[in-house]
Amino acid sequence: MTSANDDLKALVRTIPDFPKPGIQFRDLTTLLLDAAGFRATIDRLVASVDGKVDLVAAIDARGFAIGGAMAREMSAGLLLVRKDGKLPGNTIAEDYVLEYGTDRLAMHVDAIASGNRVLLVDDLIATGGTALAAARLVERAGGQLIGARFIIDLPDLGGSAKLRDKGIEAMSLMEFPGG
Ligand code: AMP
């Protein structure tokens, strides 16, 4: 699907050396600002999903913008997977490794009814640490993870391969080489 989305890829801005030297930050805010580009992004992600989705599990924070629009379009519910400490009810949490240190994602323990078909959504997959932590939460909460969708894959960082190794069907609209 990659070359089919060159129109959308052209709307992603690359900012070198953010947030630190050596990182090529793939900035989606320019894609989201483009009305036709945003609509096409959501339409194409939705079209890539087969079968019924009960819940879209969107990852804090850019995942919320994309997952929210997808859930509305798919008549699915929206599950917010948040950074730790933000949710008011009883939560479960999973740690994941960042380049320096760790971070923690959380979700409400009662957010998923047993057997719900859940689609994971985030803006970008790099090393896959974030998406795998969210996948563990969905599975711990009794959800059936039917796949994962991203706008951007950085395949050289290995995250999408890790998801597939775990049997999670993963698809992105576009890829960028390197990290
Ligand atoms: P990871 O856990 O390594 O797969 O990182 C994924 C998360 O980090 C996503 O939520 C992205 O928003 C963010 N991220 C990682 N690398 C980049 C990058 N090069 N450009 C933009 N966002 C990034």
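Note that the structure is predicted; figures quoted are calculated from it, not measured.

Asker: Would you explain unusual backbone geometry in this entry?
Answerer: As a rule of thumb, non-glycine residues mostly have phi less than zero, and peptide bonds are mostly trans rather than cis. Cis geometry marks the peptide bond from Phe-18 to Pro-19; its omega dihedral reads 0°. In this fold, Pro-19 is placed in the loop between strand E1 (13-16) and strand E2 (24-27). With an omega dihedral of 0°, the bond running from Asp-60 to Ala-61 counts as a cis peptide bond. Mapped onto the elements of the fold, Ala-61 is located in the loop between strand E3 (55-59) and helix H4 (62-74). Even without being a glycine, Asp-17 presents a positive backbone phi close to 60°. If you trace the backbone, Asp-17 turns up in the loop between E1 and E2. Residue classification places Asp-17 among the partly exposed positions, given a relative accessible area of 49%.

Asker: Looking at this structure, I do not really get the site of the ligand. What am I missing?
Answerer: Close to the ligand lie 15 residues, the nearest being Arg-62, Ala-126, Thr-127, Gly-128 and Thr-130. Arg-26 places a main-chain nitrogen or oxygen 3.0 Å from a nitrogen atom of the ligand. Between Asp-122 and the ligand, the recorded distance is 3.0 Å, taken from a side-chain N or O atom to an oxygen atom. Burial of the ligand by the surrounding chains reaches 83%, relative to a free accessible area of 490 Å². Looking at the shell around the ligand, the elements with two or more residues in it are E2, strand E7 (117-125) and helix H5 (129-140). With four residues, the single largest contributor to the shell around the ligand is E7. Tallied by class, residues from the shell around the ligand come to five nonpolar, six polar and four charged.

Asker: Explain H4 here, please?
Answerer: Structural remark: α-helix, 3.6 residues per turn; residues separated by three or four positions point the same way. Between its terminal C-alpha atoms H4 stretches 19 Å, which fits the 18 Å expected from 13 residues at 1.5 Å a residue. Taken residue by residue, H4 has Gly-63, Phe-64, Ile-66, Gly-67, Met-70, Ala-71 and Met-74 as its buried positions. Contacts made by the buried residues of H4 are with helix H3 (35-47), E3, strand E4 (77-83), E7 and strand E8 (144-153). Residue Ser-75 follows H4 closely and has a positive phi angle near 50°.

Asker: It is not clear to me how H5 should be interpreted in this structure. Could you clarify?
Answerer: Given a rise of 1.5 Å per residue, 12 residues ought to cover 16 Å, and the 17 Å separating the end C-alpha atoms of H5 matches this to within 8%. Burial in H5 covers these residues: Gly-129, Ala-131, Leu-132, Ala-133, Ala-134, Ala-135, Leu-137 and Val-138. Following H5 by one or two positions, Gly-142 adopts a phi angle in the positive range, close to 95°.

Asker: Looking at this model, I keep getting lost on the packing of aromatic side chains. Mind explaining?
Answerer: For any pair of aromatic rings, geometry is given as the distance between the ring centres together with the angle between the planes. Tallied over the full model, the rule gives one aromatic pair. On the numbers, 5.2 Å between centres and 90° between planes, the contact of Phe-18 with Phe-25 is edge-to-face. Assessed through its relative accessible area of 46%, Phe-18 is described here as partly exposed. Taking the relative accessible area as the measure of exposure, Phe-25 reaches 21% and is therefore partly exposed.

Asker: I'm lost on the nonpolar core in this one. Help?
Answerer: The nonpolar side chains of soluble globular proteins are, as a tendency, buried together. Among the nonpolar cores identified, the biggest contains 27 residues, and Leu-105, Ile-112, Leu-120 and Leu-163 are the most heavily contacted of them. Once you skip the residues sitting within four places of it in the chain, Ile-112 turns out to touch Leu-55, Leu-79, Met-107, Val-118, Val-138, Ala-141, Gly-142 and Gly-143. Leu-8, Leu-31, Leu-45 and Ala-71 belong to the second-largest nonpolar core, a separate cluster that totals 26 residues.

What counts and what doesn't
Note that residues are indexed from 1 along each chain, following the sequence as it is written. Reporting of local features is limited, given that this is a predicted model, to residues whose pLDDT is at least 70; pairs of side-chain atoms are given and counted only at 80 or more, and all residues count toward the totals for whole chains, interfaces and linings. Just so you know, side-chain values use all the structure's heavy atoms and leave hydrogens and water out. Put simply, DSSP marks the helices as runs of H or I at least four residues long and the strands as runs of E at least two long, and each gets a number from the N terminus on. Partly exposed residues are those whose accessible area sits between 20% and 50% of the maximum for their type, while under 20% is buried and over 50% is exposed, using a 1.4 Å probe and protein chains only. Near, as used in this document, describes a residue that has one of its heavy atoms within 4 Å of the molecule or strand being considered. Here a polar contact is taken to be a pair of N or O atoms separated by no more than 3.5 Å, where protein atoms must pair a possible hydrogen donor with a possible acceptor and residues adjacent in sequence count only if both atoms sit in side chains. Only the protein chains shown count as cover for residues, and all accessible areas are computed by the Shrake-Rupley method using a 1.4 Å probe. Polarity classes work like this: nonpolar for Ala, Val, Leu, Ile, Met, Phe, Trp, Tyr, Cys and Pro, charged for Asp, Glu, Lys and Arg, and polar for all others, with Gly in that last group. A helix is expected to reach a length of 1.5 Å times the quantity of its residues less one. In this description, contact between two residues means that some pair of their heavy atoms is separated by no more than 4.5 Å. Classification of ring pairs rests on two measures: the distance between centres of Phe, Tyr or Trp rings, Trp counted by its six-membered ring, which must be within 6.5 Å, and the angle between planes, read as stacked under 30 degrees, edge-to-face over 60 and tilted in between. Side-chain atoms within 4.5 Å are what join buried Ala, Val, Leu, Ile, Met, Phe, Trp, Tyr and Cys residues into a set we call a nonpolar core.

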